[in-house]
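Listed here are the chains, written in short residue letters.
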Amino acid sequence: MKLALATVNQTPLDWTGNLQRIIAATDQAKQEGAKLIFFPELCITGYGSEDLFLSYWYPAKALDQLQLLLPHSQGVTIAVGLPYRIQDKVYNTMALLENGKLKGFVAKQFMAIDGVHYEFRWFTPWKANEQIEVDFFGAKIPFGDITFEKEGIHYGFEICEDAWRGKERPGYRLCDRKVDLIISPSASHFAMGKTLERKQLIEDSSRIFDCFYAYVNLLGNESGRMIFDGEALFAKSGKILYRNQLLSFQDYQVMTFDYKDEEQEITEIHPKEWEFTQASALGLFDYLRKSKSKGFVLSLSGGADSSTIAVLVAEMVRRGLEELGLQAFCQKIGLNDWENYSKDPEKLLVNELLTTAYQGTSNSSKDTLESAQSLAESLGAKFYHWTIDEEVSSYTSKIENALGRKLTWEKDDITLQNIQARARSPIIWMLANINNALLLATSNRSEGDVGYTTMDGDTSGSISPIAAVDKYFVLHWLRWAEENLNRPGLKKVNSLQPTAELRPSERRQTDEKDLMPYSLIVEIEKLAIRDRRSPMDIYWLLKEELDLNPEELKGYVKKFFQLWARNQWKRERLAPSFHLDQFNVDPKTWYRFPILSQGFSEELAQLEKA
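This section reports on the structure supplied with the text.

Conventions and cut-offs
Residues numbered from 1 in each chain as written. Predicted model: local features only at pLDDT ≥ 70, side-chain atom pairs only at ≥ 80, totals over all residues. Heavy atoms only, no water. Pairing = 2+ DSSP bridges. Helix = DSSP H or I, 4+ residues; strand = E, 2+ residues; numbered from the N terminus. Axes fitted to C-alpha atoms, helices over the stretch in contact; angles between N-to-C directions. 1 Å grid on protein atoms, 1.4 Å probe; cavity = no way out; pocket = protein on both sides within 12 Å on 5 of 7 lines; lining within 4 Å. Points joined across faces, edges and corners; volume = space filled by probe spheres on them. Nonpolar A, V, L, I, M, F, W, Y, C, P; charged D, E, K, R; others polar. Phe/Tyr/Trp six-rings, centres within 6.5 Å; stacked < 30°, edge-to-face > 60°. Buried < 20%, exposed > 50% of the residue type's maximum accessible area, 1.4 Å probe, protein only.

## Looking at the sheet that holds strand S8 (residues 148-150)
The strand order S8-S9-S10-S11-S14-S15 describes an open sheet built from 6 strands, whose pairing is mixed. Of all the strands in the sheet, the pair left with one neighbour each is S8 and strand S15 (239-243). Going from strand to strand, the sheet's axes swing by 25° on average, the running direction of each strand aside. Pairing of strand S10 (residues 181-186) with strand S11 (residues 212-217), which is carried by 6 bridges, proceeds in the parallel orientation. Pairing of Ser-184 across the sheet is with Tyr-215, part of S11.

## With respect to empty space enclosed by the protein
This model, assessed by the stated rule, comprises 2 cavities of 30 Å³ or more. Along the walls of the largest cavity sit Ala-467, Ala-468, Arg-571, Leu-574, Ala-575, Ser-577, Asn-584, Val-585 and Asp-586, which together make up its complete lining. For the lining of the largest cavity, a count of residues per class yields 5 nonpolar, 2 polar and 2 charged. For the second largest cavity, the calculated volume is near 40 Å³. The wall of the second largest cavity is formed by Val-106, Ala-107, Gln-109, Asp-145, Ile-146, Phe-157, Pro-170 and Leu-174. Those elements that provide at least two residues to the lining of the second largest cavity are strand S5 (101-107) and helix H3 (170-176). Taken together, the residues that form the lining of the second largest cavity break down as 6 nonpolar, 1 polar and 1 charged.

## Quick notes on the packing of aromatic side chains
Following the criterion strictly, the structure yields 40 aromatic pairs and no others. Taking 6.1 Å as the distance between ring centres and 85° as the angle between the ring planes, the aromatic pair formed by Tyr-47 and Phe-228 counts as edge-to-face. One end of the pair, Tyr-47, is in the loop between strand S2 (34-38) and helix H2 (57-69); the other, Phe-228, is in strand S13 (residues 227-229), and 181 residues separate them in sequence. Given the relative accessible area of 4%, Tyr-47 is considered buried. Between Phe-560 and Phe-561, the ring centres sit 5.7 Å apart and the planes meet at 80°, which makes this aromatic pair edge-to-face.

Printed below as a string of structure tokens:
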């Protein structure tokens, strides 16, 4: 028998499109001879439907879609994910369709409530071993903790989080029922390196339960922040037998293979740098087309962050063209005159989709201008150059007249820096409006940690692609990208020391001088945010690991926590960002912190005495 794992790039409220992709994938699987076809968790509605799940009409309409899918199950078995409401409770289920009939619903038993997941807000866990009957357009259908059989294969489900619950997971009960196959339909967010964790889980599961184990994930930037990588895995006896290529630009992927204990197709696992590039490129592509925008606008400073984003847009074009081809790529983003780009597709499309501007001041250097311009030209992006000194001077003179005094760097340092960053915002927004384009904000996670960013300045944007990635990684990735992505335009970028260029040049401003070494911010934030450690814990841990003067280390830890607590209001206002790493600092998706607090005052006082 042949199985098919089908991953789909869905969008909340795109009822017609979501159903069409499921049907198209089903038709392909049928053509390839599959008898069992498994789709991911909540694929009918999309996982990112948020509070729509709480309504009465939304789960009901999902059932309407399920009914429309029934005729397409003739001759095959299809499993699809959707919400199911019973009175005041909503359940996360997999529906099994076979030969035009609905065979049953399997309900998820464990909810994901960590990191970016808040499933308890919407769904109720189902009790193990419990089964009932529910109504489906007049028919009584089995519902709950149930298994199925086809042509001698006994199989059951662990829906996403179910598989990650150790000894409590449903897999042990399925093993007691002597299933031959367990399927894990998932909506598992992408994070760099996560595929290795999944591989280990699937290998271990197939060995522990002594059965075949299949895994299929959703695909793409479904609803804005989370990206799904579309991973499909098949294993037996602790060994991976099938693994697909992740992060496809296709609407759907169908992976068909034989149900036998034999290695079939296994794609390579790429390094984190490749994963970051591919996930960001796909995230940008889906955000662009689903928002129906006409392109991107970027304030290109010549520094690391904006240069990273410029290259990621160019990689979106390069990788999309490689996988989809010119015509399909253009049509998916609303460019119907695709023939106009055939002479030099990559450069011409980057020029069409990415508009950049270097907004200099008297504090800007020739080096950063040349860095920005050479990078834009190498990528093919439109490049504009103007200065904002006139605007800065106008704002400054107005406030000086009102206050009756001159502003000075000695007394008004932050104010004079911020007005430069903010003066850049209106005109770059203006360009984005003219182009009907998305404005790309350039904040990174390290800056978000400590508030090293100007609200309504460099944080301005429709989307902030690298806000969940630390600056230390960004700097490393730029060096990697220059060589491995063949981006010679990054040579000047990589030669520069990161600086905001908001103070006069004689003051020799650099980011790390203002803050602390970026490598140290990463170590502190991992312990403080990801691992939820106290300031004292972090000090003692890093004291053992780092060759730093104890008093200097205390100062850095203290500075991090003070700046973190002081700047929660900024993190609340950052543009939507992609979740790309093990953790992020977006209070809407990963880490919640009070806007007003006492700022770790007692904890930091104890640290001083250590």
